[in-house]
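The residues making up each chain are set out below.
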Amino acid sequence: MEQLHWVRHRCRQLLTGDSGRGWYSASEGPRSKSSLDPHRLSGKRRTVFSLHGSHQQEYENISKSYKGNAIRTTKYTLLSFIPMNLFQQFHRVANLYFLFLALLNWVPVVEAFQKEITMIPLLVVLTVIAIKDALEDYRRYIFDKKVNNNIVQVYSGKHKAYVDQCWKDVRVGDFVRLSCNEIIPADILLLYSSDPHGVCYIETANLDGETNLKQRQVVSDLPLQGAEFTPESFHSRIECENPNNDLSRFRGYMEHSSGVRVGLHNNNLLLRSCTIRNTETVVGIVVYAGHDTKAMMNNSGPRYKRSHLEKRLNVDVLWCVLLLILMCLTAAIGHGLWLKQLKDPIFAVDGETSPALAAFYVFWTMIIVLQVLIPISLYVSIEIVKLGQIYFIHNDLALYNEQTDSRIQCRALNITEDLGQIQYLFSDKTGTLTENKMVFRRCSIYGIDYPHVDNARRLEVYEAEQNEAAGRSVTLKSACSGKSLSCRSLSCNRSSVSLHTLTPESDDEVDALSHHMQTRNSAFCSRMAKEVIPDPELVRKLKWLVSPVLPLADGAASTSSSLELTYITDFFLALAICNSVIVSSPSQPQHMVPEARTPLTSLEDIKLLFQRLSFSPLAALSTLTPPQTKSSPRSFTSRLFARGKMGSFTFSTTPTTTTDTVQEPNLEVSGPKPRIDLSESSTEDGGGTASSQVEDRQTDDDLKDKMPNVGGARQDVEDVNTELNAKNAEDDDLVYEAESPDEAALVHAARAYRCTLRGRSAESLLVDLPGIGSLAVQLLHILPFDSNRKRMSVVVRHPLTGQVVVYTKGADSVIMDLAEKPQGSKFTQEINRHITEQTQKHLDSYAREGLRTLCIAKKVVEEEEYKVWLKKQLLAESSIENREELLQDSAQRLETNLTLLGTTGIVDRLQEEVPETIEALQRAGIKVWVLTGDKQETAINISCACKLLRPRDQLLTANCLTKEACAALLEELRVEVECADNSSKAAAAGGGGGETTSDTGFILVIDGRTLEWALQEELKSDFLELSRRCKAVICCRSTPLQKSQVVQLIRDQLGVMTLAVGDGANDVSMIQVADVGVGISGQEGMQAVMSSDFAVSRFKHLKKLLLVHGHWCCSRLANMILYFIYKNVMYVNLLFWYQFFCGFSGSVMTNSWVLILFNLIFTAVSPLLYGVLDQNVAADTLLDLPELYQAGHASKVYVPSTFWLTILDAFYQSLVCFFLPYFVYAGSDAAELSFGSSINASALLIILLHQVIESHTLTWLHVMVLVGSGMSYVGFVLLFSVCCVTCSPPTNPLGVETLQMSQPLFYLVCVLTTVMALLPRLLFRVVSGSVCPSAVQKAAQRDKTDPEKYQRRMQWWNVSHSTASRLPVCVDTSSLECPTGPVLS
């Protein structure tokens, strides 16, 4: 009960006091320690005391366990580098395996080589990786040092002032003072702001990539922000949750010395790495420092995934292990049998060891000898090759966006080959397929559609200009890489140079930056979005509203007309204030609301305005004949808008003393029908296509006659243009910073109708209303948008009526359900019903046009109802546990029985080349699904526009109200699709209909409610079977969770490779679930990018990323792995065949140095070049023939049959390479080292030339590496033969190689062996390429023999290099490649 009394007391105090919404003050008496606390924190929590307050003892006891602010992203120190790096490297099974072999070689009974030699491969691999890790760690150390030594002002109790300290010296409990443009060094609780309303603005671009400003609020119940904050006066205790990585949540409370506790939330916290903007000074206390900050806890670094190719490689490595064991067992058994049958040996043999034990020893000796069969260097080589591939992808100019100065980001370093194996692509719509640059297109108010024909023409002209500009080469690097607000680095008295902040250092730079920034737009404020042309019909109605003197009238027509005008004014007022837009200008960083602001019009005029709502001004308009009303809207607007300033219009508000009136014609009205007729006539578009001077003059004269002619009320076109230009000159300085592009579009639309948002503070808004002037609107509450409610609301006190009004905007599916049911008089019910029906028709029409729709609604709240709601809202705001859920419930309680005002249609254009990209992906065998939260009609329209849905495709729609209906429909559709597939297969088998079936398909469109049932366990199989047979699937009204569930279902159940692409936070779960996640760095921040494996700036980049780089990476790695396995098996078999001639004793016919270095150095570089630069098909051909993508899948290149054919070929070549020299040298006096010399040389030639046969690209770089590999071998063995006497005991290689290389027989053996070994491989390639070539081979051949394409290449090359040299480049050789050649792409 004590808790209940306390809550009641606090709410009463808040309701009656004027200290501000949500502020707390001390209670009337001390609270009992045993009383229940409504702000209880569950689980572990953190307590923070001020370093300089009265809690010194508590601070000393608690702060010891808190981390300092110094960060260290390095893995190692000087002392820990060697042990830690070795520990991490030996987590790899391959390294442990070779460590085991090196230690095994130290056992005398199984020793195969010198003990030191067997350590060389492992040491080389460990050293190379250690050097790479050390360089990476050193770069991190330099970065950490720079960050930790940044300077910030921290309060010093000793000096009683703020002093400069390094970031690394900041501690939890310190008071930090920051100025404009400074980066926040730690997570700080905001206690003071120089803003009089306790507001601070931050930019989170360093944290999440969003350049729009975020608003933060000083903790409630602190003194007003008039004087400077004094840290000595702070004696409160802070309890908050333990450090976590949730950027959007912060829970806790602050307990004052009086015992009162104030809730803390995310709006009170300044996060590390963010930047202070538009605020002179802020002071806060550090609650999280260093690695406890949310920014550092979200810094997870690059993503690591295991590719499917590596998983298949692991299986093949196991086969190699099995082969190794089999060969060692063969040698062990052979040695045991050989010893058992050996009689009177002529050489020393250990006769004391039994044959079985000797065979056991030989087994382990052979493990050491044949260790190369397990490729230790393959895994390291794969990492190096992938780094090389990522380098070329990262530097591909075709994947560079010049407008945003952004290139592709490769965040996952080890799944490049998966880009070439994608089978399903899941895409978001808004911001991924479309620009996410919202532009107001049209609207519907009071059930009347306003098509904004001239606005549509403007968009067409703008798009044509954009397409024309896209064809020109323009460098926009510096213009788009800056921050979003023009005045941020110029509007504060103090700025500092700190990390990630670019500030000018000279006056010239300041002037240049100022000029440059003034010409820029803020976030989501393009010229296309700002210049909205109003609809003439709406202009006409609003001009009647603000006419100085109008007659009063009674009747139904009067009621309907005045109600419509009320709807119109409320509609545009809602567009202007129902948002979180921040207003600024180049001369003023932030437009605030003055403490006292009188309207530009007197209160008497405002009262007169309300009286005007009781007549029927629109009835006068009805006296205009239809041809006069609709003949030429264009001519009307051409007089209404100034040339080049077509963003808005202006009203006449000239006061007069004349009392002339306009006679209103009589109209018979029986309900809303006359309004219906008028609205339908106004929606016709045909009248705006042609005009003449006669019609223009006639229309203008008629309007002048029909409108009031009182004093200065009547204006001609010149007066309108003059006032318009003056007003626009002032308005053009306004800069709107919105959190989403549709918010900005709606604010600009309201501004076009002179309902202009001019300033914002924490408690009020400054709005210009047409005919009235500037008014301060008291802002009571903001109920922000969330994905569950799908709407946003503001609670304000109406500036004219004083009523509490809720303005709501949101998805039509939600707002239409929340609209009030028809009630009241029959007339009112008919009007409400008519508005709802017409608005729904307009919504469907907008969706069919591909427009994004938002519904606008309002609700007038009675004072008693508001007080009751406010109590629960305040309790939810101050709650610690379940705060988000309580706030959501509170918002839903208020957002009921809404009055539907109208809807907006916003254009979101397709990105360039989206249709071509989707068409290419589908031709490549990739199924494209669209998962969106938009309306079904909008999604279908966009799918048609991007060629996902073609005219010949059959549309299957699944919209069900119950689970049973969903099950029946899925079964019915599945049967229908199966029957169609069977009939098409039968027709194709019969020789007919093949062309038709190849071009048609089924497209499934399913809404969110049906999808929820389809993903349940009972219906999952039916949905999966149906969707698998469809050409594409479009999921509408889907939630982020449903998106991820769909991707996971397809990935797991069908076992296919999936790719998900999106641009917003609602796509993160889908991106993370997919095998490959791609983020679009668009208009919605960087959440999707930070969760992705690859990040691109445009959807069209997927075409080259997948079809070219994906194909190349997959083909290169698959062939390189096969080549590695081949060369290892081939060389190891040479040692194995020798065992048949040495009693399976584990002896080798070459010195151990050559044996170890053969795979480690002599044949190690050429496969790396092969894996990075090889191109089986040119990039142009891959783009022209997307079908090659499917043919180049690793599932078709790197298959078990290919693996075993490679093994058999390696066995054959090893047989030729061993036995041909054997038969040549049989009976001669050549020793085993001489015999091994010719075998090693032949093997090297065979392995290098084998790669030449398999390579599709041969450049000077390839030739240099191949020649270098051969020369390194020759140089080493010659030097070894000349200098080494005891380097390889018990053998003596002195003079062996020099003698062999001086004999012609050596070269004859090498040439003959190489030809015999490679001839079958060469013949197989020639015959297969001639008789039954693959699609890739056909394309490569066509690319080489197509003279027209070659001519186009040369012409393109000439043009691209004409700037460097004025002489045309004319080359006659066909070996020259264009810049998309093997090395530079």
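Residues numbered from 1 in each chain as written. Predicted model: local features only at pLDDT ≥ 70, side-chain atom pairs only at ≥ 80, totals over all residues. Heavy atoms only, no water.

Further remarks concern the overall build of the protein. Summing up its helical and strand segments, the protein has 50 helices and 33 strands in all. Within the protein, buried positions represent 54% of all 1385 residues. If you take every contact in the protein between residues at least 6 apart in sequence, the share linking residues at least 24 apart comes to 78%. A total of about 59,700 Å² of accessible surface is found on the protein, and carbon and sulfur atoms cover 57% of it. (Helix = DSSP H or I, 4+ residues; strand = E, 2+ residues; numbered from the N terminus. Buried < 20%, exposed > 50% of the residue type's maximum accessible area, 1.4 Å probe, protein only. Contact = heavy atoms within 4.5 Å. Areas by Shrake-Rupley, 256 points an atom, 1.4 Å probe, with all protein chains shown as cover.)

So, about helix α30 (residues 936-945). Of the residues making up α30, those classed as buried are Gln936, Thr938, Ala939, Ile940, Ile942 and Ser943. Considering only its buried residues, α30 is in contact with α26 (826-848), β28 (954-958), β29 (1002-1006) and β30 (1032-1035). Looking one or two places after α30, you find Lys947, whose phi comes out positive at around 65°.

At a closest axis distance of 12 Å, the pairing of helix α8 (residues 308-341) and helix α44 (residues 1200-1225) adopts a crossing angle of 35°. Handedness of the crossing formed by α8 with α44: right-handed. Here Asp316, Trp319, Cys320 and Leu323 of α8 come into contact with α44, specifically with Phe1203, Trp1204 and Phe1211. Residues belonging to the contact of α8 with α44 are distributed by class as follows: six nonpolar, no polar and one charged. (Axes fitted to C-alpha atoms, helices over the stretch in contact; angles between N-to-C directions. Left-handed = near helix turned anticlockwise from the far one by under 90°. Nonpolar A, V, L, I, M, F, W, Y, C, P; charged D, E, K, R; others polar.)

Ordered by their spatial adjacency, six strands build an open sheet running β3-β2-β4-β13-β5-β11, and the pairing between neighbours is antiparallel. Only two strands of the sheet have a single neighbouring strand rather than two, namely β3 (161-166) and β11 (269-270). Pairing geometry for strand β5 (residues 187-193) and β11, over two bridges, is antiparallel. By the bridge assignment, Ile188 is partnered in β11 with Leu270. (Pairing = 2+ DSSP bridges.)

Turning our eyes to something else, we now look at the nonpolar core. In this structure, Leu370, Met1120, Ile1121, Ile1125, Met1130, Leu1134 and Tyr1198 are the most contacted members of the largest nonpolar core, which totals 94 residues. The dominant element in this core, judged by the number of residues it contributes, is helix α38 (residues 1101-1138), at 18 residues. Contact partners of Met1130, with chain neighbours within four places excluded, come to Ala1210, Gln1213, Ser1214, Cys1217, Ala1243, Ile1246 and Ile1247. The next biggest cluster of nonpolar side chains, apart from the first, holds 55 residues, and it includes Val581, Val583, Ala750 and Ile835. (Core = buried A, V, L, I, M, F, W, Y, C linked by side-chain atoms within 4.5 Å.)

Between helix α40 (residues 1165-1173) and helix α45 (residues 1232-1254), whose axes approach to 11 Å, the crossing angle comes to 10°. By the angle class used here, α40 and α45 are roughly parallel. Between α40 and α45, the residues in contact are Ser1166, Pro1167 and Tyr1170 and Leu1248, Gln1251 and Glu1254, respectively. Considering only residue class, the contact of α40 with α45 consists of three nonpolar, two polar and one charged. (Parallel < 35°, antiparallel > 145°, perpendicular 65-115°, else oblique.)

Here four strands make up an open sheet; going across it, the order is β1-β8-β9-β10 and the pairing antiparallel. The open sheet is flanked by β1 (45-48) and β10 (261-264), the only strands paired with a single partner. Ignoring which end each strand starts from, the neighbouring axes of this sheet average 20° apart. In terms of strand pairing, strand β9 (residues 252-255) meets β10 through four bridges, oriented antiparallel. Across the sheet, residue Gly252 finds its bridge partner in β10, namely Leu264.

What follows concerns the packing of aromatic side chains. Summed over the entire model, instances satisfying the criterion amount to 41 aromatic pairs. Taking 5.3 Å as the distance between ring centres and 90° as the angle between the ring planes, the aromatic pair formed by Phe571 and Phe572 counts as edge-to-face. Across this residue pair, the class does not change: Phe571 and Phe572 are buried. Lying over the aromatic face of Tyr66, Arg46 brings its terminal NZ or CZ to 4.0 Å of the ring centre. (Phe/Tyr/Trp six-rings, centres within 6.5 Å; stacked < 30°, edge-to-face > 60°. Lys NZ or Arg CZ within 6 Å of the ring centre and 35° of its normal.)

This part is about the environment of Leu1107. Its place among the elements puts Leu1107 in helix α38. Placed 75 residues apart in sequence, Leu1107 and Leu1182 show a C-alpha to C-alpha distance of 6.3 Å.

Take α44 next. If you check α44, its first and last C-alpha atoms are 38 Å apart, about what 26 residues at 1.5 Å a residue would give, namely 38 Å. Positive phi appears at Gly1227, one or two residues downstream of α44, with a value of about 85°. (Expected span 1.5 Å × (residues − 1).)

Within the structure shown, the criterion is met by 47 salt bridges. Taking the shortest distance from any N to any O, the salt bridge between Glu255 and Arg261 comes out at 3.2 Å. Glu255 sits in the buried class, given a relative accessible area of 18%. With its nearest N and O atoms 2.9 Å apart, the salt bridge here joins Lys1043 to Asp1067. Of this pair, Lys1043 sits in helix α35 (residues 1040-1054) while Asp1067 sits in the loop between β31 (1058-1062) and α36 (1068-1073), and the two are 24 residues apart along the sequence. Asp1067 sits in the buried class, given a relative accessible area of 0%. (Salt bridge = Lys/Arg side-chain N within 4 Å of Asp/Glu carboxyl O.)

Purely spatial values, then, with no claim about function.
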